[in-house]
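# Structure assessment
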Amino acid sequence: MLPSNSSLSRSSSALLCSASISTQRLRFLPITSIMQRRSVRVAVIGAGPAGLVAARELRREGHAPVVFDRAAAVGGTWIYGADADAGSLYASLRTNLPREVMGFLDFPCAAGPGSVDPRRYPAHQEVLRYVDDFARRFDLHRLVRLRTEVIAVRREHHDVVQDQAIVSWKVRWRTLGSNDNDKEKEEVFDAVVVCNGHYTEPRVADIPGVDAWPGKQMHSRSYRVPDPFVDQVVVIIGAKNSGGDISRELASVAKEVHMANRSAPAATCEKLPGYHNLWLRSMVERAEEDGSVVFRDGSSIKADVIIHCTGYKYSFPFLGDDSTITVDDNRIHPLYKHVFPPQLAPHLSFIGLPFKVIPFPLCQLQSNWDAGALSGRIQLPTEEEMMQDVQALYTELEAIGWPKRHTHCLKYNQFEYDDWLAEQCGHAKVEEWRKEMYDAASKKKVDCPETYREEWDDHHLLEQAYQDFQKYL
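Notes on the structure in this doc start here.

### Let's talk about the overall build of the chain
If you tally the helices and strands in the chain, you get 10 helices and 23 strands. Within the span of the chain, comprising 473 residues, buried residues form 55% of the whole. For the chain, long-range pairs separated by at least 24 residues make up 67% of all intrachain contacts whose partners lie at least 6 apart in sequence. Carbon and sulfur atoms provide 49% of the accessible area of the chain, an area that totals close to 20,500 Å².

### Overview of unusual backbone geometry
In the segment running from His 333 into Pro 334, the intervening peptide bond is cis, with an omega of -10°. For Pro 334, the position within the fold is in the loop between strand E21 (331-333) and strand E22 (348-350). Between Ala 345 and Pro 346 the backbone carries a cis peptide bond, its omega angle lying at 0°. Note that Pro 346 resides in the loop between E21 and E22. In this structure, Arg 147 is a non-glycine residue whose phi angle is positive, near 50°.

### Looking at empty space enclosed by the protein
For the structure shown, the criterion picks out four cavities of 30 Å³ or more. Pro 98, Arg 120, Tyr 121, Ala 440, Ala 441, Lys 444, Trp 456, Asp 457 and Asp 458 are the residues that line the largest cavity.

### Notes on helix H10 (residues 459-469)
What H10 keeps buried is the set Leu 461, Leu 462, Ala 465, Asp 468 and Phe 469. Angularly, the buried residues of H10 cover 125° about the axis, an arc narrow enough to put them on a single face. Residues of H10 that are exposed and angled more than 90 degrees away from the buried face: His 459, Glu 463 and Gln 467. Structurally, H10 contributes buried residues whose contacts are with helix H3 (99-102) and helix H9 (432-447).

### As for the pattern of salt bridges
Per the counting criterion, the structure on display carries 33 salt bridges. Across the salt bridge formed by Asp 458 and Arg 120, the nearest N and O atoms sit 2.9 Å from each other. Placement of Asp 458 in the loop between H9 and H10 and of Arg 120 in the loop between H3 and helix H4 (124-137) is noted, with a sequence separation of 338 residues between them. Considered together, Asp 458 and Arg 120 belong to a single accessibility category, that of buried residues. For Asp 447, the salt bridge identified is with Lys 443, shortest N-O distance 2.7 Å. With Asp 447 and Lys 443 both in helix H9 and four residues apart, this pair spans about one turn of that helix. For Asp 447, a relative accessible area of 47% corresponds to the partly exposed category. The exposed category is assigned to Lys 443, whose relative accessible area is 52%. A single network of salt bridges, built from pairs that share partners, joins Arg 56, Glu 57, Arg 60 and Asp 106.

### A look at the sheet that holds strand E2 (residues 41-45)
Within the open sheet, the five strands sit side by side as E4-E3-E2-E8-E22. Their pairing is parallel. Each having just a single partner strand, strand E4 (144-145) and E22 make up the two edges of the open sheet. Bridge count for E2 against strand E3 (residues 64-68) is five bridges, and the pairing is parallel. Bridging from a neighbouring strand, Ala 43 pairs with Val 66 of E3.

### Topic: the packing of helix H6 (residues 359-375) against helix H8 (residues 414-425)
Relative to each other, H6 and H8 sit at 35°, their axes nearing to 9 Å. Judged by the twist between their axes, the crossing of H6 over H8 is left-handed. Only Tyr 417, Asp 418, Trp 420, Leu 421, Ala 422, Gln 424 and Cys 425 of H8 make contact with H6, whose side of the interface consists of Leu 362, Leu 365, Gln 366, Asn 368 and Trp 369. Taken together, the residues of the contact of H6 with H8 sort by class into eight nonpolar, three polar and one charged.

### A closer look at the nonpolar core
Soluble globular proteins: nonpolar side chains tend toward being buried together. By size, the foremost hydrophobic cluster in this structure holds 86 residues, and its most contacted members are Ile 236, Leu 250, Ile 307 and Trp 369. With eight residues, H6 is the single largest residue contributor to this core. Leaving out residues up to four positions away in the same chain, Ile 307 has contacts with Met 218, His 219, Ser 220, Phe 229, Val 234, Val 235, Ile 236, Ile 237 and Leu 250. Ala 43, Val 192, Tyr 314 and Leu 335 belong to the second largest nonpolar core, which has 32 residues in total.

### So, the pairing of strand E14 (residues 278-282)
Burial analysis of E14 places five of its five residues in the buried class, which makes it a mostly covered element. When strand E12 (residues 256-261) meets E14, the two strands line up parallel, connected through five bridges. If you follow Val 257 over to E14, its bridge partner there is Leu 278. Direction of pairing for strand E13 (residues 269-271) relative to E14: antiparallel, over a ladder of three bridges. Across the sheet, residue Cys 269 finds its bridge partner in E14, namely Arg 281. Hairpin remark: E13 followed by E14, antiparallel, with six residues in the connecting loop; positive phi at Gly 274, about 90°.

### Overview of the packing of aromatic side chains
Describing an aromatic ring pair means giving the distance of the ring centres and the angle of the ring planes. Here the structure, examined in full by the defined rule, presents 22 aromatic pairs. When the centroid spacing of 5.4 Å and the interplanar angle of 35° are considered together, the rings of Phe 107 and Tyr 130 count as tilted. With Phe 107 in the loop between H3 and H4 and Tyr 130 in helix H4, this pair connects stretches of sequence that are 23 residues apart. Here Phe 107 and Tyr 130 have matching classes, each one buried. An aromatic cluster is defined as three or more aromatic residues linked by ring pairs; in this entry it consists of Phe 104, Phe 107, Tyr 130, Phe 134, Phe 138 and Phe 360. Geometry around Tyr 394 places Arg 331 over its ring, the cationic atom sitting 3.8 Å from the centre.

### Here's the deal with the state of the cysteines
Tallying each qualifying case throughout the model produces zero disulfides. Cysteine Cys 363 remains unbridged, with the sulfur of Cys 195 as its closest cysteine sulfur at 7.4 Å.

Criteria and thresholds
- Residues numbered from 1 in each chain as written.
- Predicted model: local features only at pLDDT ≥ 70, side-chain atom pairs only at ≥ 80, totals over all residues.
- Heavy atoms only, no water.
- Helix = DSSP H or I, 4+ residues; strand = E, 2+ residues; numbered from the N terminus.
- Buried < 20%, exposed > 50% of the residue type's maximum accessible area, 1.4 Å probe, protein only.
- Contact = heavy atoms within 4.5 Å.
- Areas by Shrake-Rupley, 256 points an atom, 1.4 Å probe, with all protein chains shown as cover.
- 1 Å grid on protein atoms, 1.4 Å probe; cavity = no way out; pocket = protein on both sides within 12 Å on 5 of 7 lines; lining within 4 Å.
- Points joined across faces, edges and corners; volume = space filled by probe spheres on them.
- Arc of directions from axis to C-beta.
- Salt bridge = Lys/Arg side-chain N within 4 Å of Asp/Glu carboxyl O.
- Pairing = 2+ DSSP bridges.
- Axes fitted to C-alpha atoms, helices over the stretch in contact; angles between N-to-C directions.
- Left-handed = near helix turned anticlockwise from the far one by under 90°.
- Nonpolar A, V, L, I, M, F, W, Y, C, P; charged D, E, K, R; others polar.
- Core = buried A, V, L, I, M, F, W, Y, C linked by side-chain atoms within 4.5 Å.
- Phe/Tyr/Trp six-rings, centres within 6.5 Å; stacked < 30°, edge-to-face > 60°.
- Lys NZ or Arg CZ within 6 Å of the ring centre and 35° of its normal.
- Disulfide = S-S within 2.5 Å.

Structure representation (structure tokens):
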């Protein structure tokens, strides 16, 4: 749940949106064809929020989804594991979005009798409870095969009939933790929906000299609690959500914490208010064999640990070349509207790839669009038209200097994207109170990073939200 910096208004995203949210609309089939909708068998990879809402929308559309997940429970990235290799959450993690904003559009994330943390910015345990409640409310658990790892997805058949791709997929999988866990099995599906998230494969900073540096390195994905860092000097690479949270938590036990911000001017070296041992620094220039870490301003410190709070890379180890997509500098190419590879649409799709967004509503709208395209209720553009849209997006991003690695970042245009999806699906647009609350929360987070979770002034929006929730609660 990563809120973006909303210092730029939504209107400032017009250029960025012009290609990714094109004026071209999907062609809907005539009413007479509704009775001829297709029902297909779909493999959904991942039982986190994206996979669960995809399964719900697919089943609502008349399809037969089967959900695969390696974990022992539903929840995806919201499952906490104390072991450094289990999941990506740290013990103290709380959302950086208010709960009213983050829930699915028709299943509010409201505090209730079953809540384990009723705060507006709840701990990760409350989000997991909410996701599990969603699965129970819509009877999704019976669709999920837990402790099941998808090993490979390969194209079984591919044909084109009347300009439409006809594809089937062979999915190879195995059950984990059983006596025959080495035994692989195969099934054929008409479509595959990839919902494996993007908080698994760490992305680390490239620091000259770090290979010879004698200290310890780790990624925030392996961080759980501050106890191991007592009296140590810690360098945090990254000053965004996890970097800020972990730096402040470590300051309570560490000797010194130095948070390096890639965007900070080279001369930056300032002690943060309220702390005696927490500094904001410019980016790390290099690391040296004597244990020194040198910053861009030329200053250096002897550090014990470097923690990379530098995000993640997209990874789809189960897909082969026949998926037609490649990942280059975190750009997944080619994807129409961040969902469909044009050559294989709609029989291969990706749900939940965009970042710097409110993910649950976005996943719901993407899933509805995907399900409608598979049934024939919504007719996608031709492969050529989709590829033209992809290239137009790249041209726009290059024109504004947007890095390739941010191709799927919807920091300034998520609501235009959401509303475009809603229009194609015949769904109501995202509520205005949700948009305004998101912008207000994002601004509060920048202005008051220490207190934004406990102090807010959007009570009028809260009232609107809970009035809206009454039709679902």
